[in-house]
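# Secondary and tertiary structure notes
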Amino acid sequence: MKKQLSPSYRKPPHLARIIPNAVTITALCTGLSAIRFALLERWELAVSLILIAAILDAMDGRIARFLRADSHFGAELDSLSDFISFGVAPAVVVYLYSLHLWKGTGWALTLFFSTCMALRLARFNTNMDAPMPEWTKGFSVGVPAPAGAILGLLPMMASFALEVRLQDIPLIAALSLLVSGFLMISRIPTYVLKNVRVPHHFVRPLLMMVAIFMAALFSVPWWTLSIGAIIYLFSIPVSWTSYKRQNRIDAS
């Protein structure tokens, strides 16, 4: 006689279903570890860890879809990881780097950035299942969390590239956190690079540009990352114009 299984019995999950969540937790630990190295004043390593967390964040969702292991649990874990890695860690690192000179005002700017990140992630989660036209998948409402963190860290990356000390000028760090915070909670449409369609004739030149970018990244990493962040800033008006044009075409 076969043993009857209780209704609450669940089969153990396959290892493949755990891998995406493991990548997310790795991103969380990597981003949070940036604070530890900032406390040790190892600034370049602290910023590098946040950048690595951004790479891991870009991977976990794709891995989940590839393995067909996406779940509500994974989505919630990803949001919590994003808040720690891109909302808390960059703000605290910038505070320890420069804004601590402004004492209470510097801490208020740190809280502002983290709050903007929380609001941006909450809005993303609530709009995730909202019905939208297909063409809107190429755009994000406001600057995404990893990009917001990178923009907040732009003065630090620029200081590494220029080999100059910007720690004694808190105004630069303050403006960076303010601008990136406002961009995250704004309604400005920005490009989602993974969903941008590339014309066939531009595929080969684009691959060559990727090769040049990677060569530059390994040769002069902080210059490359700083220039890339600046180019992204200049792409925001272009994405806004493109979104308006597509919206007019869709409405007509």
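Every value quoted in this text rests on a predicted model; they were computed, and no experiment measured them.

Now for the overall build of the protein. A count of helices and strands for the protein gives nine helices and two strands. Taken from the N to the C terminus, the helices and strands of the protein come in the order α-α-α-α-β-α-α-α-β-α-α. Expressed along its principal axes, the backbone C-alpha trace of the protein runs to roughly 75 × 50 × 35 Å. By residue count, 38% of the 252 residues in the protein fall in the buried class. For the protein, restricting intrachain contacts to residue pairs at least 6 apart in sequence, the fraction spanning at least 24 positions comes to 81%. Counting every atom, the protein has about 15,600 Å² of accessible surface; 69% of that belongs to carbon and sulfur.

To continue, consider the nonpolar core. Core analysis: the largest hydrophobic core is formed by 48 residues, its most contacted members being Val47, Phe86, Leu99, Val143 and Met156. Listed by contribution, the elements that provide at least two residues to this core are α1 (15-39), α2 (43-66), α3 (72-97), α4 (104-126), α5 (145-152), α6 (154-162), α7 (170-185) and α9 (221-251). Among residues more than four places away in sequence, those in contact with Phe86 are Ile50, Ala53, Ala54, Asp57, Phe113, Met117, Ala145, Pro146 and Ala149.

The next point concerns the pattern of salt bridges. Per the counting criterion, the structure on display carries one salt bridge. In this structure, Asp168 engages Arg165 in a salt bridge whose closest nitrogen and oxygen atoms are separated by 3.1 Å. The pair Asp168 / Arg165 is uniform in exposure class, with both members exposed.

Glancing now at α2. With 24 residues, α2 extends 35 Å between its outermost C-alpha atoms, agreeing within 8% with the 34 Å of an ideal straight helix rising 1.5 Å per residue. Three or more residues of α2 are buried, namely Trp43, Ala46, Val47, Leu49, Ile50, Leu51, Ala53, Ala54, Leu56, Asp57, Asp60 and Ala64. Residue Arg68 follows α2 closely and has a positive phi angle near 55 degrees.

Moving on, we come to unusual backbone geometry. If you check the backbone angles, Glu41 has positive phi at about 60 degrees while not being a glycine. Examined against the element boundaries, Glu41 turns out to sit in the loop between α1 and α2. Unusually for a residue other than glycine, Glu163 sits at a positive phi of about 55 degrees. Along the polypeptide, Glu163 turns up in the loop between α6 and α7.

Thresholds applied
Residues numbered from 1 in each chain as written. Predicted model: local features only at pLDDT ≥ 70, side-chain atom pairs only at ≥ 80, totals over all residues. Heavy atoms only, no water. Helix = DSSP H or I, 4+ residues; strand = E, 2+ residues; numbered from the N terminus. Buried < 20%, exposed > 50% of the residue type's maximum accessible area, 1.4 Å probe, protein only. Contact = heavy atoms within 4.5 Å. Areas by Shrake-Rupley, 256 points an atom, 1.4 Å probe, with all protein chains shown as cover. Core = buried A, V, L, I, M, F, W, Y, C linked by side-chain atoms within 4.5 Å. Salt bridge = Lys/Arg side-chain N within 4 Å of Asp/Glu carboxyl O. Expected span 1.5 Å × (residues − 1).

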